[in-house]
Amino acid sequence: MEYTTVIIPLLTGYILDLLLGDPRWLPHPIRLFGNAIQYGEDQLNTSPFAFQKGRLLTILLLTITILFFYLTHLIIAPYPILHNIYTLIFVFYALANKSLIDEGKAVFKALQQSLEQGRKRLSWIVGRETDRLNPQQIKTAVFETLSENLSDGVIAPLFYYALFGVTGAMSYKMINTLDSMIGYKNQRYIDFGRFAAKLDDVANYIPARITAFLMLLVTFKLHKIPFVIQYGKQHSSPNAGYPEAALAAILDCKFGGPNYYHGKLVNKPFIGNNDRILKDEEIKTVARINQKVTFIFVLLICSVYYFLYPNT
């Protein structure tokens, strides 16, 4: 393995995401993942043996993803220029930081126009029902989503890229897409999507905690680590609570609480205890945190690889 074959595509893909985000006109492999998952769910999500069928679908799609990207890597590895182009393209596809930030800002902008517009725009990026939310709840939902997806959409794919290259990053994206589509705890998916949800929990365990730590690091709030541990482990998710708790600690605010999902009231624990009103300009603060964390983690990967492969 050479330093340049990992780092040059990483830096280029990172810069492309920083500049372009995810243009809607551009074909995206995650849409292909989603179509495959939807087709599999349509065919297999029936009783009896829904859990076994969901496990089969998850393992099958993940295996296909691993084999496709690993074999592609082997085929083009002897051609450095082609390999670098291939790698930077899929690093770019694996990252979602700019589009995540842009969507968060779009909700705040819509909310300034009207409450209804804010609710509607928020519904594009969250799973909870938005038609009963007040402005404070809308802003809270945006910040929770930005912090959680900083882990899922940025740090986790970078983490698996650093370990296993494009194969690792795209395999993680398949796991995460499976969870986002069938990992719900409702009547339709409670059995069929349980294996995918558990696999996603395992895959995100380390990245979520790295994300929370880096969020505190870039804001000089490492003394808030006990706060993050206290509230992070109270979340219903074993992972999402940690970056959410980190952002709540940084902003000195309160997240969590009850929300409606698919017509059902879900009582999530509160994260933090300062029930202050969130300000419109704080979206810029949160966006800067996401950008800084991404930059620091990319820099960290570059530094580790330089230490491991100094002469390549």
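Check the entry above for the structure.
Summary of the structure given here. (Residues numbered from 1 in each chain as written. Predicted model: local features only at pLDDT ≥ 70, side-chain atom pairs only at ≥ 80, totals over all residues. Heavy atoms only, no water.)

## Concerning a positive patch on the surface
Part 1 of the argument: Taken together, the side chains of Lys105, Lys284, Arg288 and Lys292 define a basic patch exposed on the protein surface.
Part 2 of the argument: In terms of residues, the positive patch owes the most to one element, helix α11 (residues 282-308), which gives three residues.
Part 3 of the argument: Its location among the elements puts lysine 105 in helix α5 (residues 97-113). (Patch = residues over 30% accessible without salt bridge, like charges linked within 9 Å, V, L, I, M, F, W, Y side chains within 5 Å. Areas by Shrake-Rupley, 256 points an atom, 1.4 Å probe, with all protein chains shown as cover. Salt bridge = Lys/Arg side-chain N within 4 Å of Asp/Glu carboxyl O. Lys, Arg positive; Asp, Glu negative; His and termini not counted. Charge placed at Lys NZ, Arg CZ, Asp CG, Glu CD. Helix = DSSP H or I, 4+ residues; strand = E, 2+ residues; numbered from the N terminus.)

## What about unusual backbone geometry?
Part 1 of the argument: Note that the residue after serine 47, namely proline 48, is joined by a cis bond; omega there is 0 degrees.
Part 2 of the argument: Structurally, the position occupied by proline 48 is in the loop between α2 (29-44) and α3 (50-76).
Part 3 of the argument: In this model, phenylalanine 49 sits at a positive phi of 65 degrees, which is unusual for a non-glycine residue.
Part 4 of the argument: Take phenylalanine 49: it is sitting in the loop between α2 and α3.
Part 5 of the argument: For phenylalanine 49, a relative accessible area of 57% gives the class exposed.
Part 6 of the argument: If you check the backbone angles, phenylalanine 220 has positive phi at about 55 degrees while not being a glycine.
Part 7 of the argument: In this structure, phenylalanine 220 sits in the loop between α8 (194-218) and α9 (225-232).
Part 8 of the argument: For phenylalanine 220, a relative accessible area of 72% corresponds to the exposed category. (Buried < 20%, exposed > 50% of the residue type's maximum accessible area, 1.4 Å probe, protein only.)

## Re α5
Part 1 of the argument: Between its terminal C-alpha atoms α5 stretches 25 Å, which fits the 24 Å expected from 17 residues at 1.5 Å a residue.
Part 2 of the argument: Contacts from the buried residues of α5 go to α1 (3-20), α6 (115-122), α7 (135-182) and α11. (Expected span 1.5 Å × (residues − 1). Contact = heavy atoms within 4.5 Å.)

## Focus on α6
Note on helix geometry: an α-helix contains 3.6 residues per turn, so any two residues three or four positions apart are oriented the same way.
Part 1 of the argument: Three or more residues of α6 are buried, namely Gly118, Arg119 and Leu122. Along the axis of α6, the buried residues cluster in a sector spanning 100 degrees; they form a single face. Within α6, the exposed residues directed more than 90 degrees away from the buried face are Glu116 and Lys120.
Part 2 of the argument: As for α6, its buried residues are in contact with α5 and α7. (Arc of directions from axis to C-beta.)

## Observations regarding the pairing of strand β1 (residues 255-261)
Part 1 of the argument: Two strands pair when backbone bridges link them, and β1 and strand β2 (residues 264-271) are joined in this way by six bridges, in the antiparallel orientation. Its bridge partner lying in β2, proline 258 is registered against asparagine 267. (Pairing = 2+ DSSP bridges.)

## Section: the packing of aromatic side chains
Part 1 of the argument: Scanning the model with the defined rule gives eleven aromatic pairs in all.
Part 2 of the argument: Both rings, one in phenylalanine 108 and one in phenylalanine 143, keep their centres 5.4 Å apart while their planes meet at 25 degrees; by these two values the pair is stacked. Note that phenylalanine 108 is positioned in helix α5 and phenylalanine 143 in helix α7, a separation of 35 residues in sequence. Summarising the burial analysis for this pair, phenylalanine 108 and phenylalanine 143 share the class buried.
Part 3 of the argument: What links up through ring pairs into an aromatic cluster is the set Phe68, Phe69, Tyr86, Phe90, Phe92 and Tyr93.
Part 4 of the argument: Residue placement shows arginine 209 over the ring face of tyrosine 242; its charged tip is 4.2 Å from the ring centre.
Part 5 of the argument: The ring of phenylalanine 270 carries the charged tip of lysine 254 above its face, separated from the ring centre by 4.6 Å. (Phe/Tyr/Trp six-rings, centres within 6.5 Å; stacked < 30°, edge-to-face > 60°. Lys NZ or Arg CZ within 6 Å of the ring centre and 35° of its normal.)

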